[in-house]
Amino acid sequence: GSSCVCQPGYRMVSSNGGSSVICEKCPENMSGVTQDGWNCITCPKGLTAEGKCKCLNNEILVERSIDGILLNEALCIHCNGSEQSFSASDASGDRCVRCEQTFINVSKSCDCSSPNILTGGLCFGASDSLPPKGVATVRFGQLGITLTSAWFLKNLQSSASACSLYSNLTACQALGNMCVMNMNSLSSSSTDACGLFQYIYVNTARLGIVHSIAFWRHNLPWLYYGDQPGLASQVLEANHFPTIFSFKGTDKDVKLQFIAASFDAAGNFLKWQNLEGGILQLCPDTQTKLNAAYAFGTTYQQSCKISVSKILLDFANPIFYDLFLEYNGDNGQQYLWAVPVLNLNLQYSEMFVNQGSNMNNWLLTRRFFLVDTLSGKENDLGKLPRVIRIASKITISIRLVSHTQRGTIYPPLLTIAYTDVLVQNPETQSVMVSFSVNYEMNQSEAQIQTDITLGVLGGLAVLWSLLKTAGWKRRTGSSIIDLQTVLKFLLFYAGDLANVFFVITVGTGIYWLVFFKAQQFVSVLLPLPSQEEDFVTYVACAFSLKALQFLQLLVSQLAIDIFFIDWERPKGKVLKAVEGEGVIKSAAAPVSIWRTYFIANEWNEIQTVRKINPLFQVLAVLFFLEVVGFSNLALMDSSSSLTRSSESYIAPWSRILRFGVSAALWLAIAFLQIIFFSVFYERFVEDKISQFVDLCCMSNISVFLLSHSCFGYYIHGRSVHGHADTNMEEMNMNLKREAENLCSQRGLLPNTDGQTFQISISRKMRLHYDRIHETLTRKRGPARLLDSSANTFEQSIRAYNTMNKFLSSFIDHVHKEMDYIVKDKLLLERILGMEFMEPIEKSIFYNDEGHSFSDVLYYGNETTLLIFDVLFFSIVDLASQSFVLAAILTYLQQEIFRFIRNTLGQKNLASKTLVDERFLI
């Protein structure tokens, strides 16, 4: 703390421990000040810099008599080092104590004069077999600094000599600690701390081993597992840890019982201590969150930035740890399993052997420390170190034994990486530190199974895409394999391969979600983040390919050919003035266009109708994830609870589980929506697709659709009442007659109800359609530069009437050279989505009770849209780790594409049907 003291030569007169003191100068004949600072005294052998009495070596200072009376003159009493007492002054110079035993052994006195060797406060005989002269340097490889350590200079040689000659336990531990401070690095040519330790280790084989452990020499600390190639894999994988763990059980089964033996730098054993409470975690946190690191199955990550000044304050003296994992034997007795350490800073023959992935090259060790503020002190142990070394990254790895059903693990591995910090300004300097616990298992078998599944399904996707391409070629009326055919095959394959990736990723995500979270006795562990890269790649591939398929679907829907066939015929004649002739002639009464406009508007409205409500879908998924708490199932811990308390530790997210939870929820909610709309809403409230077919019939308008050159759909809307352009009374009367079966049925064929068909038209029919269609759309071509707008309009009107007349006559079998037949599709044709018969002479109308004309609408492509939405949501979430952002962006993209589909679809509808776009609202 802070306090006031008197200057040298002044004694204290008054002090209450505050900021005010009274001092008085000592007289000339008593110029010294007593050790407590309150009195003046005569000093026979001079003064120290602080103005107090000093004595020679091996003398003690006496200022008071036995009963405490202050002497006028201080005494310097020599300690008797003869055989009768063997005494010498202690470190403070206040008492005579028995001198160190090595002095007595070597010189039979408290003097270690030549030729004996005095080092580190110990005396060794000249004839003793001492270890080689040690190099008191410490290498800080990250900074490129090698400095002479004051601690090593003082204690290295003496510790090595005492350990070698006397098997002094404390000295051996101190020597081992100095080797650990040197990163356990080994070099055949060096006699640093680790070189001296290895020298003693080799030369003390006669002492035997401890606890039948070949690497643990008697009297020496256990620092290494040996340096034989392949030894690390044998240590880590040859034996199983002799106990089992579970996610749900007693405290012993669900927690890792780590315990550590701790030592100070001088080699003194301090205590056994449990790791709970944040012993190895440098970052501060609550007790509950710190202890969560040792809950079995919980992936733990903690990181923070710590100032160098705090490190120097909290870790003034380094503590060294030997780590063990506690378990119960068959007899109920407690045992300890040594936990190996992988020090990434260790150098073996100047090579960082532990930084590679090849386990056979690793050199495992045992002892470690968190912070070393001692070895970096150069000249004075009382000053700040020049360099400090901090355990900036500590990872405990738990590996599950393959094919285990009972939670058997391999021995844990502690991986530690140190950071060297050059101390310049401790208040402003800081260092990033982290502590983590990882759980892993061999994922090679799962990867092989995934690759096999991908290969098989990918091969099937090729075949399915070939079938689709063959069907497309038949529908386009072409048999030549050209570049367009290859591109179409690639587009089909992109969509099918996207489905393959989607099935694999969803299956993988749900598999890990169910089998990891639901297990009691541990048989599987989640893949590490590095092992999830292939999975993320699969999701990205699925999204990219599905996006390509979706865009191709969008383009194809915006380019369909559509025409509304008006069956209404004029009722009576009207008088009409002939322009330019000045005469009045009778003409057929015009047919109202409003029914066509009405049907066009209804078609325009159902273009983006879906089988689910997209807004409800997004909100429902977000509600279950964030409000109900399903997102907590994606945490990398053993809990399957949907809630977490604010005080508990929140494990990191698993990308596989996030995808599995969100995809499963999205698909489940969408499936329930589809069932609801199909079973209840469309049956009892509103079925827009069926209503559109009914509306066509009531409007006396048929819809002729061509999605391919020679394939499309036909909605037969010819009114059974002959006309629909009538008043309300007659309309109600017609509906009543139809309800009472007083009129014929609506079907294209007599006595049938079939109104919707898939049509496969002949090449001749298509060419005739194109000739009329060309004049219908010529106003968009170069011809508009030659014709006046009036002539263009009249030409379009004539083309429209010609197309209407041609298609209505085609439906009525007027053109025998372009006739058609009606038949049912074969079951295999329905399954494969293609037609086996080629319409050479006659077109073919296939009965279609499933309203498959919705394939040119959003409604008939719900699967593609749904998978695209799921993948878009998942990609955004995997990139941002935010379900909320993913939901917002998913809804935005839905609305953007819906707007594009509506806008461009409306333009295409106006272009192909000659319905003025101003009437499409």
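From a predicted model like this one, the values you see are computed outputs, not experimental measurements.

Chemist: Hey, could you run me through helix H16 (residues 728-739) in this one?
Modeler: Each α-helix turn comprises 3.6 residues. Residues three or four places apart therefore point the same way. The end-to-end C-alpha distance of H16, which contains twelve residues, comes to 16 Å, matching closely the 16 Å that a straight helix rising 1.5 Å per residue would cover. Of the residues trailing H16, Asn741 is marked for its positive phi of about 60 degrees.

Chemist: In this structure, what is going on with helix H21 (residues 883-913)? I would like to understand it.
Modeler: The end-to-end C-alpha distance of H21 is 44 Å, a good match for the 45 Å that 31 residues give at a rise of 1.5 Å each. One or two residues past the end of H21 sits Leu914, with phi positive at roughly 65 degrees.

Chemist: Help me understand the packing of helix H11 (residues 533-557) against H21 in this model?
Modeler: In contact at an axis separation of 10 Å, H11 and H21 are set at 25 degrees when each is read in the N-to-C sense. The angle between the axes of H11 and H21 places the two elements in the roughly parallel class. As H11 packs across H21, the resulting crossing turns out to be right-handed. Note on element contacts: H21 touches H11 through Phe897, Ile900 and Arg901, opposite Phe550, Leu551, Leu554 and Gln557. Grouping the constituent residues of the contact of H11 with H21 by class yields five nonpolar, one polar and one charged.

Chemist: Just to check I follow, could you spell out the state of the cysteines for this structure?
Modeler: Should the sulfur atoms of two cysteines be covalently bonded, the bond is a disulfide. On inspection of all chains with the given rule, the structure shows nine disulfides. Note that Cys43 is cross-linked by a disulfide to Cys53, the S-S spacing being 1.8 Å. Here Cys43 and Cys53 share a disulfide; its torsion about the S-S bond, -70 degrees, makes the bridge left-handed. With a gap of ten residues between them, Cys43 in the loop between strand S4 (40-41) and strand S5 (59-64) and Cys53 in the loop between S4 and S5 connect regions that are remote in the sequence. Owing to a relative accessible area of 6%, Cys53 belongs among the buried residues under this scheme. The disulfide that involves Cys283 links it to Cys304, with 2.0 Å between the sulfurs. Given an S-S torsion of about -100 degrees, the disulfide between Cys283 and Cys304 has left-handed geometry. Of this pair, Cys283 sits in the loop between strand S16 (269-274) and helix H7 (287-291) while Cys304 is found in strand S17 (residues 300-307), placing the two residues 21 residues apart along the sequence. Between Cys696, a cysteine without a disulfide, and Cys697, which holds the nearest cysteine sulfur, the sulfur-to-sulfur distance is 8.6 Å.

Definitions and cut-offs
Residues numbered from 1 in each chain as written. Predicted model: local features only at pLDDT ≥ 70, side-chain atom pairs only at ≥ 80, totals over all residues. Heavy atoms only, no water. Helix = DSSP H or I, 4+ residues; strand = E, 2+ residues; numbered from the N terminus. Expected span 1.5 Å × (residues − 1). Axes fitted to C-alpha atoms, helices over the stretch in contact; angles between N-to-C directions. Parallel < 35°, antiparallel > 145°, perpendicular 65-115°, else oblique. Left-handed = near helix turned anticlockwise from the far one by under 90°. Contact = heavy atoms within 4.5 Å. Nonpolar A, V, L, I, M, F, W, Y, C, P; charged D, E, K, R; others polar. Disulfide = S-S within 2.5 Å. Buried < 20%, exposed > 50% of the residue type's maximum accessible area, 1.4 Å probe, protein only.

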